[in-house]
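Architecture at a glance
What follows is the residue order along each chain.
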Amino acid sequence: MSFFKKIFSKEKKETLDKGLEKSKNTFLDKLSKAVAGKSKVDDDVLDNLEEVLVSSDVGVNTTLKVIERIEARVAKDKYLGTEELNQILREEIAGLLSETNTGEATEFIIPEGKKPYVIMVVGVNGVGKTTTIGKLAYQFKKAGKKVVLGAADTFRAAAIDQLQIWADRTEVPIVKQSMGSDPASDADVVIIDTAGRLHNKVNLMNELTKVKRVMQKVVEDAPHDVLLVLDGSTGQNAFEQAKQFTAATEVTSLAVTKLDGTAKGGVVIGISDQFQIPVKYIGVGEGIEDLQVFNKFEFVDSFFK
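Residues numbered from 1 in each chain as written. Predicted model: local features only at pLDDT ≥ 70, side-chain atom pairs only at ≥ 80, totals over all residues. Heavy atoms only, no water.

**Side note on the nonpolar core**
Counted only if it meets this: By nonpolar core is meant a set of buried Ala, Val, Leu, Ile, Met, Phe, Trp, Tyr and Cys residues that side-chain atoms within 4.5 Å join together. In this scheme, a residue with accessible area under 20% of its type's maximum is buried, one over 50% is exposed, and one in between is partly exposed, where area comes from a 1.4 Å probe on protein chains only. For the purposes of this entry, the term helix denotes a DSSP run of H or I that reaches at least four residues, the term strand denotes a run of E that reaches at least two, and both are numbered from the N terminus. Residue contacts are defined here by distance: any two heavy atoms, one from each residue, within 4.5 Å place the two residues in contact.
Judged by nonpolar contacts, the single largest core of 94 residues is most densely connected at I70, L89, F140, L149 and I191. The leading source of residues in this core is helix α5 (residues 85–98), at seven residues. Apart from the residues lying within four places of it in its own chain, the contact partners of I70 are V41, L46, L49, L85, I88, L89 and E92.

In structure tokens, the structure reads:
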């Protein structure tokens with residue numbers, strides 16, 4: 001179907017396929033059991049499909065939306081064979097993701113007219129936040145941008161040390177004190193690491209507001225993107241983290257990491273839909289190249305392949 005034409009390069013697509021392999025195999029195995037012995041999509045199949053989606057960490061609310069869409073197609077077409085179910089799911093989930101992820105980006109780009117473009121990265125410790133920052137720095141530098149890292153997690157010396165390792169590895173400067181000092185002033189992209197502890201909502205809100213206020217002394221409309229990093233392998237726990245961070249600050253985009261080591265890839269679909277925040281990046285491997293720009297068509301194609 002032309003709807004799912006190839007967009008990524010062969011190498012990137014192979015990385016994505018491999019990264020989603022556990023999620024895909026688990027999902028398709030459950031799906032085949034859900035339709036075993038059935039030739040048409042009926043109430044029993046829909047009930048089983050609902051269970052498959054929920055157990056694949058798509059989330060209850062998003063699952064109900066998908067089921068409603070399929071029920072509407074069954075009512076309209078009168079008869080749908082179970083052999084068509086995989087393709088129908090691809091189309092309906094891509095349609096659902098389209099409501100939040102409007103862009104068709106495949107490369108690491110920043111909007112015109114914002115210099116420096118400031119990304120504030122939030123998320124709890126252990127989700128791959130600093131690693132994501134390092135990989136982002138690598139990708140933006142590879143795209144020809146001047147990148148500077150900013151260490152705002154002053155609570156943990158280890159966090160600053162880890163960020164320094166990535167700065168050294170990607171050969172980009174790091175600022176640990178005032179962001180007003182060079183080299184941040186002539187950067188194209190500034191990526192700020194923030195404290196990664198889950199406090200109560202008020203403390204978290206105050207801390208992130210303070211970081212924003214410091215940024216705005218230097219760049220009036222910063223941050224331009226508040227990127228929440230979530231660990232895809234934690235499934236429903238990622239939903240809870242998203243809930244806490246979206247309540248504490250205005251999250252504008254998501255990065256979902258560690259999808260290669262888990263069968264919980266469905267969490268990308270559920271979180272994107274439930275919070276109506278676009279997924280911008282996904283982590284599908286440990287390599288420095290394995291942070292990818294999220295493209296809904298390529299993701300759905302790999303998930304249901």
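Next, the rest of the story.
**Focus: the pairing of strand β4 (residues 189–193)**
Rules: Only strands that DSSP links by at least two bridges are regarded as paired with each other.
Among the five residues of β4, five are classified as buried, and the element is accordingly described as predominantly covered. Neither face of β4 is exposed, since V189, I191 and D193 on one face and V190 and I192 on the opposite face are all buried. Bridging between strand β1 (residues 117–122) and β4 involves five bridges; their strand directions are parallel. Following the sheet pairing, I119 is matched in β4 by I191.

**A short note on helix α10 (residues 267–275)**
With eight of its nine residues buried, α10 lies for the most part within the structure. All buried positions along α10 are accounted for by V267, V268, I269, G270, I271, S272, D273 and F275.

**A closer look at a nonpolar patch on the surface**
Short version of the rule: Residues enter a patch when their relative accessible area is above 30% and they make no salt bridge; the linking distance is 9 Å between like charges and 5 Å between nonpolar side chains (Val, Leu, Ile, Met, Phe, Trp, Tyr). Each accessible area is a Shrake-Rupley result for a 1.4 Å probe, and residues are judged covered by the shown protein chains and nothing else. Salt bridges are counted wherever a side-chain nitrogen of Lys or Arg sits within 4 Å of a carboxyl oxygen of Asp or Glu.
On the surface, V54, V60 and L64 cluster together into a nonpolar patch covering about 220 Å² of accessible area. Tracing the backbone through its elements, the reader meets L64 in helix α4 (residues 60–77). Accessibility expressed as a relative area gives 36% for L64, which makes it partly exposed.

**So, the sheet that holds β4**
Rules: Orientation is described by axes fitted as lines to C-alpha atoms, over the contacting stretch for helices, and by angles from 0 to 180 degrees between their N-to-C directions.
What the eight strands build is an open sheet, ordered β3-β2-β4-β1-β5-β6-β7-β8; its pairing is mixed. Single-partner strands in this sheet number two, and they are β3 (174–175) and β8 (291–293). For β1 and strand β5 (residues 225–231), the ladder comprises four bridges, and the chain directions are parallel. Paired with V121 across the strands is L227, a residue of β5. Its contacts with the sheet put helix α6 (residues 129–142) on β1, β2 (147–151), β4, β5, β6 (253–257), β7 (279–283) and β8, and the angle it makes with β4 is roughly 175°. This element, α10, spans β5, β6 and β7 of the sheet and lies at about 165° to β6.

**So, the packing of helix α2 (residues 21–34) against helix α3 (residues 43–55)**
What counts is decided by this rule: Should an angle fall under 35 degrees it is taken as roughly parallel, and over 145 as roughly antiparallel, whereas 65 to 115 is taken as roughly perpendicular and any remaining angle as oblique. Crossings are sorted by hand: turned counterclockwise from the far helix by less than a right angle, the near helix makes the crossing left-handed, and turned clockwise it makes it right-handed.
Their axes nearest at 9 Å, the elements α2 and α3 cross at an angle of 160°. Classified by the interaxial angle, the pair formed by α2 and α3 is roughly antiparallel. α2 and α3 meet at a crossing whose hand is right-handed. Counted together, F27, K30, L31 and A34 of α2 and V45, N48, L49, V52, L53 and S55 of α3 form the full contact between these two elements.

**A few points about the side chain of D188**
Defined as follows: Any pair of nitrogen or oxygen atoms within 3.5 Å is treated as a polar contact; in protein, a donor-acceptor pairing is required on top of that, and neighbouring residues in sequence qualify only through side-chain atoms on both sides.
Within the secondary structure layout, D188 lies in the loop between β3 and β4. Its relative accessible area of 17% is what places D188 among the buried residues. Among the polar contacts listed, one links the side chain of D188 to the backbone nitrogen of K146, at a separation of 2.7 Å. If we ignore the near neighbours within four places in the chain, the residues touching D188 are I110, K114, K115, P116, Y117, G144, K145 and K146.

**Things to note about unusual backbone geometry**
In the segment running from K115 into P116, the intervening peptide bond is cis, with an omega of -5°. Tracing the backbone through its elements, the reader meets P116 in the loop between α5 and β1. The step from A222 to P223 runs through a cis peptide bond, and the omega angle for that step is -5°. In this structure, D57 is a non-glycine residue whose phi angle is positive, near 65°. The residue D57 is located in the loop between α3 and α4 in this model. Despite not being glycine, Q276 has its phi angle at roughly 50°, a positive value. Inspection of the secondary structure assignment puts Q276 in the loop between α10 and β7. Classification of Q276 by relative accessible area gives partly exposed; the value is 44%.

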